[in-house]
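Read off the chains here:
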Amino acid sequence: MIELENLGRRYRDRMAVEGVSLTVAKGEIAVIVGTSGSGKTTLLRMINRLVEPSTGLVRINGQPNTALPAQELRRGIGYAIQGNGLFPHRTVAENIATVPRLLGWDRARIRARVDALLTLFDLDPALYRDRMPQALSGGQQQRVGVARALAADPPILLMDEPFGALDPILRARAQADLRALQRRLGTTIVLVTHDMEEALTLGDRIAVMAEGRLQQYARPAELLTAPANAFVRDLLGSGDPALRLLGVQDLATLVEAGPAEGPAMAVDASMRAALAECLWSRRSALPVSRDGVVIGRVTRAALEAAGGRPLDAGGVA
Ligand code: ADP
Ligand code: MG
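Note that the structure is predicted; figures quoted are calculated from it, not measured.

Caption draft 1: Fine view of the overall build of the chain. Tallying secondary structure elements over the chain gives 14 helices and 13 strands in all. For 317 residues, the compact-globule formula gives about 20 Å, and the C-alpha radius of gyration of the chain, at 21 Å, lands near that figure. Taking the contacts inside the chain whose residues are at least 6 apart along the sequence as the reference set, 62% of them involve residues at least 24 apart. Total accessible area on the chain is roughly 15100 Å²; 52% of this is exposed by carbon and sulfur atoms.

This is how it looks when you write it as C-alpha cells:
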C-alpha cells in the first residue's frame, strides 16, 4: 500500500505539486493523468525519492519512504520511463540484470530471471539476450524497459508515460500485456499518462491532476458518471459515456449459466470487447473463461443492457 499525505514540492516560487493525499491499495493500478506540466512526474518521483518533497510524506506499507536510504528504497521499486531509458552500450540481458546485480544475485539466478522475463514478453531469449538495444524495434525496446523494471520482482512499479512513444497498435498490446502481468504478479503500479483513454483502460483508480493539485481520485466508472468538476469533464472529452463505461467494466458481473458456442472470452476482458465480439461473430452469447476454463456465458442482451445502466456493480466499489 502506498499512502501520499499532503504531498507537495516547491520549485523556486511555485508549487509544482501541492497538497496531494491519496492511497494506492496493494495490487492495484493507480493512474495519474493530467495535462503537461500538471505535476505528474514530480508526484511520481516523490514516491521513490528521485524528488524530495517540500511538504508532507509518502508511506509504503505504513513506513515513511525515508526510513531506508534512497538507493536501497529504489531497489525495491521498479521504475520505467518513456523511451525506455535502456543503457545503449549494454546488451538486453545486461540491461535487465541491472537491479539483480546490485542486489548481488548469483549468475545462474540472474540468467534464469532474464530468460524468464524475455519469454514473458514474447522475446525469444536465444535471439534477443545478447542484442544491443538499438537492434530492437521500438516496441521491443519498450518491453525490455518494463522487463528491466520488473527484474527483481519489485512489489511496486512506477511508470512514467511508458507507452508514450508507441504507435496505437503496439500501445494497445503493451497495455494489455501490462494488465495481464500485473494481475498475475499482484504488483502495485502507479502509472503516469497524459492520455485519458489509457487511464480509463488501465486504471483501477485514476488521479486527475491540474496545476499541481489533485482534482479527483476515483474508479473509472465513477469518473465517467460523476466527474468532480469542469476540468475533469473536459479531460474526459467527448464520446458516448455508456459505451465508454462498457470499456472500463469487465465481464465478471454479467456471467450466467447457459449454453454458448464458439471461442471463449476471458472474464477480465471488457464489456466493450465482448459486445464487439458478439457483433463481429454474429453470436447472441459467448462462453466466458477464467484461466482457460469456461465458467459460464455472457449474452449480447446483457451487454447491451449494461451499456444502458452505467452505475452497475461492475466498476464501483
Ligand atoms: P508533468 O509530468 O505533469 O508534465 P512535471 O511534474 O514534470 O509535470 O512538472 C510540473 C511543474 O514543475 C512544471 O511547471 C515544471 O516546469 C516544474 N518543474 C519540474 N521539475 C522541475 C525542476 N527540476 N526545476 C524547476 N521546475 C521544475
Ligand atoms: Mg511528466
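So, next bit.
Caption draft 2: Local environment of the site of ligand 1. Looking at ligand 1, the residues that line it are Tyr11, Arg12, Arg14, Ala16, Thr35, Ser36, Gly37, Ser38, Gly39, Lys40, Thr41 and Thr42. At 3.0 Å from an oxygen atom of ligand 1 is found a side-chain nitrogen or oxygen belonging to arginine 14. Threonine 41 places a side-chain nitrogen or oxygen 2.8 Å from an oxygen atom of ligand 1. Protein contacts shield 63% of the accessible area of ligand 1, which totals 550 Å² for the unbound molecule. Looking at the shell around ligand 1, the elements with two or more residues in it are β2 (14–24) and α1 (40–47). Broken down by class, the residue content of the shell around ligand 1 amounts to two nonpolar, seven polar and three charged.

Caption draft 3: Main features of the nonpolar core. Ranked by internal contacts, the top residues of the largest apolar core, which has 49 residues, are Ile96, Met159, Phe163, Leu191, Met196, Val208 and Leu223. Among the elements that take part in this core, helix α7 (residues 138–150) stands out by supplying five residues, more than any other. In contact with leucine 223, other than residues within four places in its own chain, are Met196, Ile206, Val208, Gln216, Ala218, Val232 and Leu236. Grouped together as the second largest cluster of nonpolar side chains are 24 residues, Val17, Leu44, Val51 and Leu158 included.

Caption draft 4: How the structure looks around the environment of threonine 253. By secondary structure assignment, the location of threonine 253 is in the loop between α12 (241–248) and β11 (265–266). With 22 residues separating them in the primary sequence, threonine 253 and leucine 275 have C-alpha atoms 14 Å apart.

Caption draft 5: Looking closely at the sheet that holds strand β1 (residues 2–11). Overall, antiparallel pairing links the four strands, which are arranged β2-β1-β4-β5 in an open sheet. Two strands close off the open sheet at either side, each with one partner strand: β2 and β5 (63–64). As judged from the two bridges shared by strand β4 (residues 55–60) and β5, these two strands associate in the antiparallel manner. Looking at the pairing, isoleucine 60 lines up with glutamine 63 of β5. Set on the sheet, α1 makes contact with β1, β2 and β4; between it and β1 the angle comes to about 125 degrees.

Caption draft 6: Structural view of helix α5 (residues 107–120). Between its first and last C-alpha atoms α5 spans 20 Å; for 14 residues at 1.5 Å apiece the expected length is 20 Å, and the two agree. Of the residues making up α5, those classed as buried are Ile110, Arg113, Val114, Asp115, Leu117 and Leu118. Of the surrounding elements, those touching the buried residues of α5 are α3 (92–96), α4 (98–102), α6 (125–128) and α7. Where α5 begins, the side chain of aspartate 106 points an oxygen toward the backbone nitrogen of alanine 108, at a separation of 3.2 Å.

Caption draft 7: Region of interest: the packing of α12 against helix α13 (residues 271–281). It is the contact of α12 with α13, at a shortest axis distance of 5 Å, that shows an interaxial angle of 105 degrees. Here α12 is positioned roughly perpendicular relative to α13, judged by the angle of their axes. Here Leu243, Arg244, Leu246 and Gly247 of α12 come into contact with α13, specifically with Met271, Arg272 and Leu275. A breakdown of the residues in the contact of α12 with α13 according to their chemical character gives four nonpolar, one polar and two charged.

Caption draft 8: Looking closely at the pattern of salt bridges. Tallying each qualifying case throughout the model produces 15 salt bridges. Notably, a salt bridge pairs arginine 244 with glutamate 197, separated by 2.6 Å at the nearest N-O pair. Of this pair, arginine 244 sits in helix α12 while glutamate 197 sits in helix α9 (residues 196–202), placing them 47 residues apart in sequence. On the accessibility criterion, glutamate 197 (39% relative accessible area) is partly exposed. A salt bridge links glutamate 304 to arginine 300; its shortest N-O distance comes to 3.1 Å. Taken together, the residues span about one helical turn, with glutamate 304 and arginine 300 both in helix α14 (residues 300–308) at a distance of four residues. With a relative accessible area of 32%, arginine 300 lands in the partly exposed category.

Caption draft 9: Just the confidence of the model for the chain, in detail. Looking at the chain, the pLDDT average stands at 90 and 96% of residues meet or exceed 70. Segment residues 309–317 is flagged for pLDDT under 50; beyond a separation of four residues in sequence, or across chains, it makes 16 contacts in the model.

The rules behind these values
Residues numbered from 1 in each chain as written. Chains lettered and ligands numbered in written order. Predicted model: local features only at pLDDT ≥ 70, side-chain atom pairs only at ≥ 80, totals over all residues. Heavy atoms only, no water. Helix = DSSP H or I, 4+ residues; strand = E, 2+ residues; numbered from the N terminus. Rg over C-alpha atoms; globule rule 2.2 N^0.38 Å. Contact = heavy atoms within 4.5 Å. Areas by Shrake-Rupley, 256 points an atom, 1.4 Å probe, with all protein chains shown as cover. Near = heavy atom within 4 Å. Polar contact = N/O pair within 3.5 Å; in protein donor to acceptor, adjacent residues only side chain to side chain. Nonpolar A, V, L, I, M, F, W, Y, C, P; charged D, E, K, R; others polar. Core = buried A, V, L, I, M, F, W, Y, C linked by side-chain atoms within 4.5 Å. Buried < 20%, exposed > 50% of the residue type's maximum accessible area, 1.4 Å probe, protein only. Pairing = 2+ DSSP bridges. Axes fitted to C-alpha atoms, helices over the stretch in contact; angles between N-to-C directions. Expected span 1.5 Å × (residues − 1). Parallel < 35°, antiparallel > 145°, perpendicular 65-115°, else oblique. Salt bridge = Lys/Arg side-chain N within 4 Å of Asp/Glu carboxyl O. pLDDT = per-residue confidence, 0-100.

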